[in-house]
Amino acid sequence: MNNIIKIAAVIIIMAAFLSTSTQAADTSFELNVGSHNVEGRIDVKINPFETPLTVGGGFIYKDDSEEYWLANANAALKDEVFTPGLSLGVGLKGVFGKTDFITGEKDTFALPFLFLGDFDFRKTSLNIPVSITANIAYAPDVLSFSDTKRYFEFYTAGYFHINYFAALFVGYRNIDIDYKSGGSNELSDDTFYFGVRMSF
């Protein structure tokens, strides 16, 4: 547990340093909780008026019959397309962590492709304080390492924007990890969660 706290602290400190050292950055923090897990995220838009590059990181911890933790860092290019309010993007994500099965531990290490999309109703004629988002991360065998054979993650959320700087949200996350042979070789976790986002 001490190692988990140290890793999470390093990610938060690095992301905070990046956001404070980048000119014209737009930063958001998220914290969400489910029945047995907690996730923290930070995303930083680099020079949002010049390029659609976003970098970020996150940490998930689940305390249940299959205890696991996952840390990640990502970079993506996402911009508004086709119609006001719709943004699509692609990127890369690095994931590492550990799953504690009854039969033993498995290390997670993968470099998934990242596909992103969101729709902001505040930018449409409806002008209501709601937005939705959906992200997919996938790493086949060739981009999975250590004990990991395949990595898949999907999450979606709906946000209610209290103001420009704060939002409440509810969402769903699915994580499926196939491990190489030997002991338990699959982690499948479906979670409904709620949380808060703070932006500045």
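Residues numbered from 1 in each chain as written. Predicted model: local features only at pLDDT ≥ 70, side-chain atom pairs only at ≥ 80, totals over all residues. Heavy atoms only, no water.

Caption draft 1: Representation of the overall build of the chain. Counting its secondary structure elements, the chain contains one helix and twelve strands. When each of the 200 residues of the chain is scored for burial, the buried share is 40%. Of the roughly 10,700 Å² that the chain leaves accessible, carbon and sulfur atoms contribute 65%. (Helix = DSSP H or I, 4+ residues; strand = E, 2+ residues; numbered from the N terminus. Buried < 20%, exposed > 50% of the residue type's maximum accessible area, 1.4 Å probe, protein only. Areas by Shrake-Rupley, 256 points an atom, 1.4 Å probe, with all protein chains shown as cover.)

Caption draft 2: Structural view of the pairing of strand E6 (residues 104-110). By the bridge criterion, seven bridges tie strand E5 (residues 86-101) to E6 in an arrangement that is antiparallel. What sits directly across from Val95, in E6, is Ala110. Where E5 folds back on E6, the antiparallel hairpin that results is connected by two residues. When E6 meets strand E9 (residues 144-145), the two strands line up antiparallel, connected through two bridges. Of the residues in E9, the one forming a bridge with Ala110 is Ser144. (Pairing = 2+ DSSP bridges.)

Caption draft 3: Highlighting the environment of Leu31. Checked against the element boundaries, Leu31 lands in strand E1 (residues 26-33). Placed 163 residues apart in sequence, Leu31 and Phe194 show a C-alpha to C-alpha distance of 8.5 Å. What Leu31 contacts, discounting residues up to four positions off in sequence, is Val38, Glu39, Gly40, Phe169, Phe194, Gly195 and Val196. (Contact = heavy atoms within 4.5 Å.)

Caption draft 4: Examining the packing of aromatic side chains more closely. For the structure on display, the rule yields eleven aromatic pairs. Geometrically, the ring pair formed by Tyr159 and Phe169 is tilted, given 4.8 Å between the ring centres and 40° between the ring planes. Separated by ten residues along the polypeptide, Tyr159 in strand E10 (residues 148-161) and Phe169 in strand E11 (residues 166-179) bring together distant segments of the chain. Summarising the burial analysis for this pair, Tyr159 and Phe169 share the class buried. (Phe/Tyr/Trp six-rings, centres within 6.5 Å; stacked < 30°, edge-to-face > 60°.)

Caption draft 5: Spotlight on the environment of Thr108. Mapped onto the elements of the fold, Thr108 is located in strand E6. Taking the C-alpha atoms as reference, Thr108 lies 9.7 Å from Ala71; in sequence the two are 37 residues apart. If sequence neighbours within four positions are ignored, Thr108 has contacts with Leu70, Val95, Phe96, Gly97, Lys98, Thr99, Thr148, Tyr151, Ile177 and Tyr179. Of note is the side chain of Thr108, whose polar atom sits 2.7 Å from the side chain of Tyr179. (Polar contact = N/O pair within 3.5 Å; in protein donor to acceptor, adjacent residues only side chain to side chain.)

Caption draft 6: Region of the structure containing the pattern of salt bridges. Counted by the stated rule, this structure contains eleven salt bridges. For Asp189, the salt bridge identified is with Lys62, shortest N-O distance 2.8 Å. Highlighted residues: Asp189 in strand E12 (residues 186-199) and Lys62 in strand E3 (residues 53-62), separated in sequence by 127 residues. Residue Asp189 is classed as buried on the basis of its relative accessible area of 3%. The partner of Glu153 in a salt bridge is Lys93, with the nearest N and O atoms 3.1 Å apart. Of this pair, Glu153 sits in strand E10 while Lys93 sits in strand E5, placing them 60 residues apart in sequence. Across the pair, Lys93 and Glu153 agree in class, each one buried. (Salt bridge = Lys/Arg side-chain N within 4 Å of Asp/Glu carboxyl O.)

Caption draft 7: Seen up close, the nonpolar core. Grouped together as the largest cluster of nonpolar side chains are 16 residues, with contacts concentrated most on Tyr68, Leu70, Tyr151, Ile175, Ile177 and Leu187. Secondary structure elements with two or more residues in this core: strand E4 (67-80), E5, strand E7 (113-120), strand E8 (130-139) and E11. Ignoring sequence-local partners within four residues, the contact set of Leu70 consists of Gly58, Phe59, Ile60, Val95, Phe96, Gly97, Thr108, Tyr151, Ile175 and Ile177. One finds Ala157, Tyr159, Ala167 and Tyr193 within the second-largest nonpolar core, a separate group that totals six residues. (Core = buried A, V, L, I, M, F, W, Y, C linked by side-chain atoms within 4.5 Å.)

Caption draft 8: The arrangement of the confidence of the model for the chain in detail. For the chain, mean pLDDT is 86; residues scoring 70 or higher make up 85% of the total. When pLDDT is averaged over each helix and strand of the chain, the minimum, 50, is found for helix H1 (residues 2-21) and the maximum, 97, for E8. Ignoring residues within four places in sequence, the model shows residues 19-25, a span with pLDDT below 50, making twelve contacts including any to other chains. (pLDDT = per-residue confidence, 0-100.)

Caption draft 9: Representation of the environment of Leu70. Of note, Leu70 is situated in strand E4. According to the relative accessible area criterion, Leu70 is buried, its value standing at 3%. As for Leu70 and Asp107, which are separated by 37 residues in sequence, their C-alpha atoms are 9.8 Å apart.

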